[in-house]
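# Architecture and fold: a report
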Amino acid sequence: MERVAIIGSSMTEFGAREGEWIRGLLAQAGQACLADAGVDPDAVEHLYVSNMASGEFEGQTGVPNALAHDLSALPAYTARIDQTSASGGAGVYAAWQSVASGASSMTLLVGGEKMTHRSTAEATDVIASLTHPVEYKHGVTLPSFAGLTARLYLDEYDAPRESLAEVAVKNHRNGVDNPHAQFRKEITVEQALDSPIVADPLRLYDFCPITDGSAALLFAPESVAREYVPDDDYVVVTGIGGATDTHVVHERPDPTTMRGVVESSEVAYEMADREPDDVDVAELHDMFTILEFLQSEDLGFFEKGEGWRAAGEGVTARDGDLPINTSGGLKSKGHPLGASGVAQVYELVAQLTGTAGPRQVEADVGLACNVGGFGNCVTTTVLEGGA
Amino acid sequence: MTGPDEPTDGTDGGSTAGGDPGARSRTDGGDPADRPPLEAARYPDGSVTYPPHPVGPDGEAPVGTVDLSERTATVVTWTTSTAPPPGVPAPNHLAIVEFDVDGQPVRALGQLTTGDVGVGDEVEPVYAAELREPGAGIREPESQDWDGYRFRPVE
């Protein structure tokens, strides 16, 4: 099997994109990605769109067809990839699979979501519609799952409340240097601890914002990549795994462990012939600060119950041993559902090709972990430089 | 296939594990006679899940049901959500609780009647005719039930 390379990447500005709608956002990232790679639209054989809920948010369905037409990428095979918040990661998986299988020699993946025209309550409800009926009727939201899990984690592992705030501070700091980020301002631990309660014990600064935006990646076999990219300056997907956990969150024996993260990463590490210690930089799904603890432990970066120490000790800072969320993460960069998993890989492509500007770290191996629901479905991807 | 020590069919009404069920009403609205069970499913391997699924963890269909509504449970964790979605009163107190069904832990998630609880507290299910306003949120009102059980600390 020939290795699968990423030969182009792009992302739009994330934030409140007033007057922009899903079709336009997807087209902006798609066009920019093709331009980045120097590939004509008619060379695209497969086109995937990662999107959770354009029908529910905006009343626009059929977005892959719309995008293929808008990009003049006809007659490419198209499909929408929905795995809720993990739609982007699932799209990376689908795009990788299309090239690895030989079905396509040029696959464009565009992830996007338009959300900010809805109120916070409405947007939260669209996302919460992924829950089981016995959860939904109680008014359960993704933030409330985070509150339930954070209380358990802090109690069980004797972690101080400040440790969650330190994740928010770190990721806001990283976002300052990301021109695509929704929030480009530093915050302090005190500000985070004094912000309003959203889902006790979590407060406003423990949560990512509601966001519009899109991101895109172009996949090709490595032999094709060499035709387009000089000096082998592309990135290769060396490992990828996907896994699913229970739909009903309370049926998990230990809510502080995300089995989907454990299982998807085991597959990805084995495929890449890598171990957690080999990872130099990671983009994790910090939709809530507590998720950075859970994923960094379930990916094997830290022992269970020890992940909370990392941000406070500077280990996961940009100049630490294992920088996490150099992009600012979902926390600072924003979380346009279907775009997030694609934008994680965009950041890692920048890091691995030395084009991350002020955010640049030393890295040969990158890892992205994209989580849907509350750990319900997960894609973990290992990326390395080409040739 | 059934487990050797499990009922093969029908409903296990359960027993009241603590407190006096007659001391306080276990119903908040609606006719108590119409109160449905808080129904969990029992599978051939002895495991019990709430809610029931077409097949259990062992891949086999349920062989019986367990009504959790007359039992008490322990609070595993809780939160108070200050920004609930449409049709849900704020603040919304929520907990994951754990029942002990003949040595099998069975968890449920639900609203609490109060935010004045702690991990490890004993709670009892209290029926509510409407946990959330049907139709206020995105989900089709006819697609699911809207009644159910909140959890109240046992006095």
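Residues numbered from 1 in each chain as written. Chains lettered and ligands numbered in written order. Predicted model: local features only at pLDDT ≥ 70, side-chain atom pairs only at ≥ 80, totals over all residues.

## Some words on the overall build of chain A
Helix and strand content of chain A: 15 helices and eleven strands. In summary, chain A has a C-alpha radius of gyration of 19 Å against a globular reference of 21 Å for 387 residues, a match within 12%. Counting only C-alpha atoms, chain A reaches 55 × 45 × 40 Å along its principal axes. The buried share among the 387 residues of chain A stands at 63%. Counting contacts in chain A only where the partners sit at least 6 residues apart, residues at least 24 apart contribute 78% of the total. (Helix = DSSP H or I, 4+ residues; strand = E, 2+ residues; numbered from the N terminus. Rg over C-alpha atoms; globule rule 2.2 N^0.38 Å. Buried ≥ 20, exposed ≤ 12 C-beta atoms within 10 Å, placed from the backbone. Contact = placed C-beta atoms within 7 Å.)

## A look at the domain arrangement of chain B
All names here are of chain B. For chain B, the domain assignment lists domain 1 (1–13 + 37–67) and domain 2 (71–155). Counting from both sides, the interface comprises seven residues of domain 1 and, opposite them, seven residues of domain 2. Looking at side-chain class alone, the side of domain 1 that touches domain 2 contains five nonpolar, two polar and no charged residues. (Domains from an automatic or database assignment. Nonpolar A, V, L, I, M, F, W, Y, C, P; charged D, E, K, R; others polar.)

## Brief notes about the interface of chain B and chain A
With 31 residues of chain B in contact, the opposing surface of chain A contributes 33 residues. Of all the secondary structure elements, the ones that give two or more residues to the side of chain B that touches chain A are β6 (73–81), β7 (92–101) and β8 (104–111) of chain B. Classifying every residue of the side of chain B that touches chain A gives 15 nonpolar, twelve polar and four charged.

## Quick word on the pairing of strand β4 (residues 107–113) of chain A
All names here are of chain A. Burial analysis of β4 places seven of its seven residues in the buried class, the great majority of the element. Of the two faces of β4, the one holding Thr-107, Leu-109, Gly-111 and Glu-113 and the one holding Leu-108, Val-110 and Gly-112 are both buried throughout. Inspection of the sheet shows strand β2 (residues 46–50) paired to β4 by five bridges, in the parallel sense. Bridging from a neighbouring strand, Leu-47 pairs with Leu-108 of β4. Both β4 and strand β7 (residues 213–221) contribute to a ladder of seven bridges, which runs antiparallel. If you follow Gly-112 over to β7, its bridge partner there is Ser-214. (Pairing = 2+ DSSP bridges.)

## Structural notes on helix α8 (residues 162–176) of chain A
All names here are of chain A. An ideal rise of 1.5 Å per residue puts 21 Å on 15 residues; α8 measures up with 21 Å between its terminal C-alpha atoms. Burial within α8 is extensive, with twelve of its 15 residues counted as buried. Turning to α8, its buried residues are Ser-163, Leu-164, Ala-165, Glu-166, Val-167, Ala-168, Val-169, Lys-170, Asn-171, His-172, Asn-174 and Gly-175. If you follow the buried residues of α8, they end up packed against α7 (142–157), α9 (189–194), α12 (289–298), α13 (309–313) and α14 (329–333). (Expected span 1.5 Å × (residues − 1).)

## Remarks on the environment of Asp-82 of chain A
All names here are of chain A. Note on placement: Asp-82 falls in the loop between β3 (77–81) and α4 (87–100). With 157 residues separating them along the chain, Asp-82 and Gly-239 place their C-alpha atoms 21 Å apart. With near-sequence residues (within four places) excluded, Asp-82 lies in contact with Asn-51, Met-52 and Ser-87.

## Quick word on the nonpolar core
Counting 159 residues, the largest nonpolar core has Ile-6, Leu-108, Leu-109, Leu-217, Leu-218, Phe-219 and Val-342 of chain A as the members making the most contacts within it. Looking at this core, the element that brings in the most residues is helix α15 (residues 337–352) of chain A, giving ten residues. Mapping this core onto the domain boundaries places at least three of its residues in each of domain 1 (1–13 + 37–67) and domain 2 (71–155) of chain B. Excluding residues within four positions of it along the chain, Leu-108 of chain A makes contact with Gly-30, Cys-33, Leu-34, Val-44, Leu-47, Ala-73, Ala-216 and Leu-218 of chain A. (Core = buried A, V, L, I, M, F, W, Y, C linked by C-beta atoms within 7 Å.)

## Side note on the sheet that holds strand β9 (residues 281–283) of chain A
All names here are of chain A. Pairing within the open sheet is mixed, and its nine strands lie in the order β3-β2-β4-β7-β1-β8-β11-β10-β9. Looking at which strands have only one partner, the edges of the open sheet turn out to be β3 and β9. The sheet shows a mean angle of 25° between the axes of neighbouring strands, taken without regard to direction. With three bridges connecting them, strand β1 (residues 4–11) and strand β8 (residues 235–244) associate as antiparallel partners. Within β8, the position partnered with Ala-5 by the bridge is Val-236. (Axes fitted to C-alpha atoms, helices over the stretch in contact; angles between N-to-C directions.)

## With respect to the environment of His-53 of chain B
Residue placement: His-53 of chain B occurs in the loop between β4 (48–49) and β5 (64–67). Residues His-53 of chain B and Ala-41 of chain B, twelve residues apart in the sequence, show an inter-C-alpha distance of 7.4 Å.

## With respect to the environment of Leu-152 of chain A
Residue and element names in this part refer to chain A. The residue Leu-152 is located in helix α7 in this model. With 20 C-beta atoms counted inside 10 Å, the residue Leu-152 sits in the buried group. On a C-alpha basis, the gap between Leu-152 and Gly-329 in space is 24 Å, while along the polypeptide they are 177 residues apart.

## Quick word on unusual backbone geometry
In the segment running from Asp-200 of chain A into Pro-201 of chain A, the intervening peptide bond is cis, with an omega of 10°. Within the secondary structure layout, Pro-201 of chain A lies in the loop between β5 (197–199) and β6 (202–203). Omega for the bond connecting Ala-90 of chain B with Pro-91 of chain B falls within 30 degrees of zero, at -10°, which places this linkage in the cis form. Tracing the sequence through the fold places Pro-91 of chain B in the loop between β6 and β7. With phi around 55°, Asp-158 of chain A is a residue other than glycine that occupies positive phi space. With respect to the helices and strands, Asp-158 of chain A occurs in the loop between α7 and α8.

## Things to note about the packing of α4 of chain A against α15 of chain A
Residue and element names in this part refer to chain A. The geometry of α4 relative to α15 is characterised by a closest axis approach of 5 Å and an angle of 60° between their N-to-C directions. On the basis of their axis angle, the class for α4 and α15 is oblique. Listed contacts from α15 to Ser-87, Gly-88, Gly-89, Gly-91 and Val-92 of α4 are Leu-337, Gly-338, Ala-339, Ser-340, Gly-341, Val-342 and Val-345. Classifying every residue of the contact of α4 with α15 gives five nonpolar, seven polar and no charged. (Parallel < 35°, antiparallel > 145°, perpendicular 65-115°, else oblique.)

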